[in-house]
Amino acid sequence: MMRLFRLEFKRSIKSNLIWSISLGVTMFSIIIIYPMVMDMMDALNEMIDYLESINSSFVEFINDFGGIPQNGIEYFATEGAMILQIAAGIYAAMMGYQIINKDDKEKTVEVLYTLPIHRVSYLFQKMFVVFVETFIFMATQVLFVLIGFMIVSPNEAIGELFIFGLLDMGMMLMISYLSMGLALILKPQSSSFIPMAIPIPLYVITTIAYATDNATLKLLKYISPFTFAEPVGILKDHTDFEWLNFIIYSIFTLAVIVFSIYKFRRREIV
């Protein structure tokens, strides 16, 4: 079984490292310019104070999208973590989708399916590879962010970064496993861009739910896994953890995994 894991891991680790390091460098670049935007933040705070004095509705609009950061961690939450979250969602969807269709596209499916390995075990190995590569990806992001803060703002309280990283990893795993289920529904020759139909609409839904005052639209946050890992709430506003959203999506993801097992056992060799 470990040989199968190593095979799957070697086939996809290069792509994983490219995504991990490329986005990690982006996060590092965002952190490293933090001192240069501090003066701008002070000017923005003065503007916000003035707008509050005249009861401007623009203040509420700004707060809906994270408000003005007061320290490095809040700056990362509003400028870096939101970019990280959507990029991580897209990568997770592509990773889950491609690990299912890789055998067909590389013309190795006939050989692998004739090995004395139960298909369910084979699918679980793929899921475990997704778990390991998701961990590598998120650990790389946290590492680059920590290095950035060590250079420009070493006194930052960084404990919540690890919580955010763990929750974002959970969000990525859910999207990856949903994408694996999608791949098992579609034909192996389907476009590799199809899985992006999972994270992008869900991210937009979360954005709308947090930006609106409409009570009905706010309920949309419960149908998106981006909600329980929302960076502004975790790192800046310190809101309560969205347990209901997390439980709903955990159950949904488990249901998709059971469905994936059913479909994978009956998947035809194309």
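Presented here is a report on the structure given in the accompanying data block. Note that the structure is predicted; figures quoted are calculated from it, not measured.

**Topic: the environment of Phe162**
Inspection of the secondary structure assignment puts Phe162 in helix 7 (residues 159–185). With relative accessibility at 47%, the residue Phe162 sits in the partly exposed group. The sequence separation of Phe162 and Met138 amounts to 24 residues, and the corresponding C-alpha distance is 9.8 Å.

**Overview of the packing of helix 6 (residues 119–152) against helix 11 (residues 243–265)**
At their nearest, the axes of helix 6 and helix 11 sit 9 Å apart, and the two run at 130° to each other. Considering their axes alone, helix 6 and helix 11 lie oblique with respect to each other. Taken as a pair, helix 6 and helix 11 cross one another with a handedness that is right-handed. Facing helix 6, whose interface residues are Arg119, Val120, Tyr122, Leu123, Phe124, Lys126 and Met127, helix 11 presents Ile257, Ser260, Ile261, Phe264 and Arg265. A class-by-class count of the residues in the contact of helix 6 with helix 11 yields 8 nonpolar, 1 polar and 3 charged.

**A look at the packing of aromatic side chains**
Applying the stated criterion across every chain yields a total of 15 aromatic pairs. Taking 5.1 Å as the distance between ring centres and 85° as the angle between the ring planes, the aromatic pair formed by Phe228 and Phe246 counts as edge-to-face. Highlighted residues: Phe228 in the loop between helix 9 (215–218) and helix 10 (231–237) and Phe246 in helix 11, separated in sequence by 18 residues. Classification of Phe246 as partly exposed rests on a relative accessible area of 27%. Of the aromatic side chains, those joined through ring pairs into one cluster are Phe5, Phe9, Phe128 and Phe131.

**Considerations on helix 1 (residues 2–32)**
At Ser12, helix 1 shows its maximal bend, which comes to roughly 45°. Looking at helix 1, one finds that the buried residues are Leu4, Phe5, Glu8, Ser12, Ile13, Asn16, Ser20, Leu23, Gly24, Met27, Ile30 and Ile31.

**A short note on the pattern of salt bridges**
Evaluated as defined, the whole model comprises 4 salt bridges. For Lys221, the salt bridge is made with Glu242, and the minimal N-O distance between the two is 3.0 Å. One end of the pair, Lys221, is in the loop between helix 9 and helix 10; the other, Glu242, is in the loop between helix 10 and helix 11, with 21 residues separating them in the sequence. We classify Lys221 as buried; its relative accessible area is 18%. Taking the shortest distance from any N to any O, the salt bridge between Lys236 and Asp237 comes out at 3.9 Å. For Asp237, a relative accessible area of 42% translates into the label partly exposed. One network of salt bridges, with partners in common, ties together Glu8, Arg11 and Lys126.

**Digging into the nonpolar core**
Core analysis: the biggest nonpolar cluster contains 66 residues, and Phe76, Phe137, Leu161, Met172, Met180 and Leu235 have the highest contact counts within it. Ranked by residues supplied to this core, first place goes to helix 4 (residues 72–105) with 18 residues. Apart from residues no more than four positions distant in its own chain, Met180 is found in contact with Gly96, Tyr97, Ile99, Ile100, Leu123, Lys126, Met127, Val130 and Ser260.

Each value, and the rule that gives it
Per-chain numbering applies: the sequence of each chain, read as written, is numbered from 1 onward. In keeping with the predicted nature of the model, local features appear solely for residues at pLDDT of at least 70, side-chain atom pairs appear and are counted solely at 80 or more, and the whole-chain, interface and lining totals rest on all residues. As a rule here, side-chain values come from all non-hydrogen atoms in the structure, and water together with hydrogens is ignored. Helix numbering and strand numbering both begin at the N terminus, where a helix is a DSSP run of H or I of at least 4 residues and a strand a DSSP run of E of at least 2. For the exposure calls, accessible area comes from a 1.4 Å probe over protein chains only, and a residue counts as buried if that area is under 20% of its type's maximum, exposed if over 50%, partly exposed in between. Only C-alpha atoms enter the line fits that serve as axes; for helices the fit covers just the stretch in contact. Angles between N-to-C directions range over 0 to 180 degrees. Angle categories are assigned with fixed cut-offs, so that under 35 degrees is roughly parallel, over 145 is roughly antiparallel, 65 to 115 is roughly perpendicular, and the rest are oblique. Handedness of a helix crossing follows the sense of rotation of the near helix relative to the far helix, less than a right angle counterclockwise being left-handed and clockwise being right-handed. The criterion used for residue contact is that any of the two residues' heavy atoms lie within 4.5 Å. Under the convention adopted here, Pro, Cys and the residues Ala, Val, Leu, Ile, Met, Phe, Trp and Tyr are nonpolar, Asp, Glu, Lys and Arg are charged, and Gly plus all remaining residues are polar. Working definition: a ring pair exists when centres of Phe, Tyr or Trp rings (six-membered ring for Trp) sit within 6.5 Å. Plane angles under 30 degrees give stacked, over 60 give edge-to-face, the rest tilted. The angle between axes fitted to the seven-residue stretch ending at a residue and the seven-residue stretch beginning at it gives the bend at that residue. Think of a salt bridge as a Lys or Arg side-chain nitrogen and an Asp or Glu carboxyl oxygen that are within 4 Å of each other. To define a nonpolar core, start from buried Ala, Val, Leu, Ile, Met, Phe, Trp, Tyr and Cys residues and group those joined through side-chain atoms within 4.5 Å.

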